[in-house]
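Okay, here's what each chain looks like letter by letter:
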Amino acid sequence: MDIKTVSALRRLRLVSAPEAVSFLLLLVCSVLKRTTEFNAVPVMGWVHAILFILYLIFWADAWNRTKWSLKTAALYFALSVLPTGGFFADRKLRREAEDAVIATRARKEGVVNA
């Protein structure tokens, strides 16, 4: 895996958890808006929108660089629209990156021909 692919996965991982947190906070703010006088929905809406757009940009870049199957790309997209999906995406991306590092080291040492 080349450095640009690793960077694309890292960027996607770095934005996935904050995107999930912003989604949950937006949901909380929506409930608070309807039950109290507190209205942070406009601010949280913008924060979440920016993070979601970044997630989609980084998702498209990672899909292009890693050559994911349609099923894998659809899974990561679906995780972006679920309230806690970003946390699961972060965990899966971390495992994928660790597996790639292990495979790269094994290839360098001549252990496997992967």
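All figures in this text were calculated on a predicted structure; none of them were measured in a lab. (Residues numbered from 1 in each chain as written. Predicted model: local features only at pLDDT ≥ 70, side-chain atom pairs only at ≥ 80, totals over all residues. Heavy atoms only, no water.)

Participant: Hey, could you run me through the packing of helix α1 (residues 3-35) against helix α4 (residues 85-109) in this one?
Facilitator: How two helices pack is summed up by the angle between their axes together with the distance between the axes. Close contact between α1 and α4 brings their axes to 7 Å; oriented N to C, the two are set at 165°. Regarding the angle of α1 to α4, the classification is roughly antiparallel. Note that α1 runs across α4; the crossing there is left-handed. Residues Leu 9, Leu 12, Arg 13, Ser 16, Ala 17, Ala 20, Val 21 and Leu 24 of α1 form the contact with α4, whose own contacting residues are Gly 86, Phe 87, Ala 89, Asp 90, Leu 93, Arg 94 and Glu 96. Here the residues of the contact of α1 with α4 sort into nine nonpolar, two polar and four charged. (Axes fitted to C-alpha atoms, helices over the stretch in contact; angles between N-to-C directions. Helix = DSSP H or I, 4+ residues; strand = E, 2+ residues; numbered from the N terminus. Parallel < 35°, antiparallel > 145°, perpendicular 65-115°, else oblique. Left-handed = near helix turned anticlockwise from the far one by under 90°. Contact = heavy atoms within 4.5 Å. Nonpolar A, V, L, I, M, F, W, Y, C, P; charged D, E, K, R; others polar.)

Participant: Can you help me understand unusual backbone geometry in this one?
Facilitator: Note on backbone geometry: most residues besides glycine have negative phi, and most peptide bonds are trans. At Lys 67, a residue that is not glycine, the phi angle is positive and equals roughly 55°. Among the secondary structure elements, Lys 67 is positioned in the loop between α2 (41-66) and α3 (70-81). Judged by its relative accessible area of 61%, Lys 67 falls in the exposed class. (Buried < 20%, exposed > 50% of the residue type's maximum accessible area, 1.4 Å probe, protein only.)

Participant: Explanation requested: the UniProt feature "transmembrane region" (unreviewed entry) in the protein in the structure shown.
Facilitator: According to UniProt, the feature "transmembrane region" (unreviewed entry) maps to residues 39-60 and 72-89 in the numbering used here. The span residues 39-60 is 91% helical and 0% strand by assignment, and the distance between its end C-alpha atoms comes to 33 Å. Across residues 72-89, the secondary structure splits into 83% helix and 0% strand, with the terminal C-alpha atoms separated by 11 Å. (UniProt positions renumbered as here; feature names shortened; annotations may be inferred.)

Participant: Explain a nonpolar patch on the surface here, please?
Facilitator: A grouping of Val 21, Leu 24, Leu 25, Leu 27 and Phe 87 is seen on the molecular surface, where their side chains present a nonpolar patch of about 370 Å² in accessible area. Counting residues per element, the nonpolar patch draws most heavily on α1, which supplies four residues. Assignment of secondary structure puts Leu 24 in helix α1. A relative accessible area of 30% places Leu 24 in the partly exposed class. (Patch = residues over 30% accessible without salt bridge, like charges linked within 9 Å, V, L, I, M, F, W, Y side chains within 5 Å. Areas by Shrake-Rupley, 256 points an atom, 1.4 Å probe, with all protein chains shown as cover. Salt bridge = Lys/Arg side-chain N within 4 Å of Asp/Glu carboxyl O.)

Participant: Would you mind going over the pattern of salt bridges with me for this structure?
Facilitator: Oppositely charged side chains can form a pair if their charged atoms are brought close together. As enumerated under the stated definition, the model contains four salt bridges in all. With a closest N to O distance of 3.1 Å, Arg 65 and Asp 61 form a salt bridge. Placement of the pair is Arg 65 and Asp 61 together in helix α2, with a separation of four residues, close to one helical turn. For Asp 90, the salt bridge identified is with Arg 94, shortest N-O distance 3.1 Å. Here Asp 90 and its partner Arg 94 are both found in helix α4, four residues apart, which amounts to about one turn of the helix. Given the relative accessible area of 13%, Asp 90 is considered buried. What makes Arg 94 partly exposed here is its relative accessible area of 37%. Residues joined by salt bridges that share partners form a network here, namely Arg 11, Asp 61 and Arg 65.

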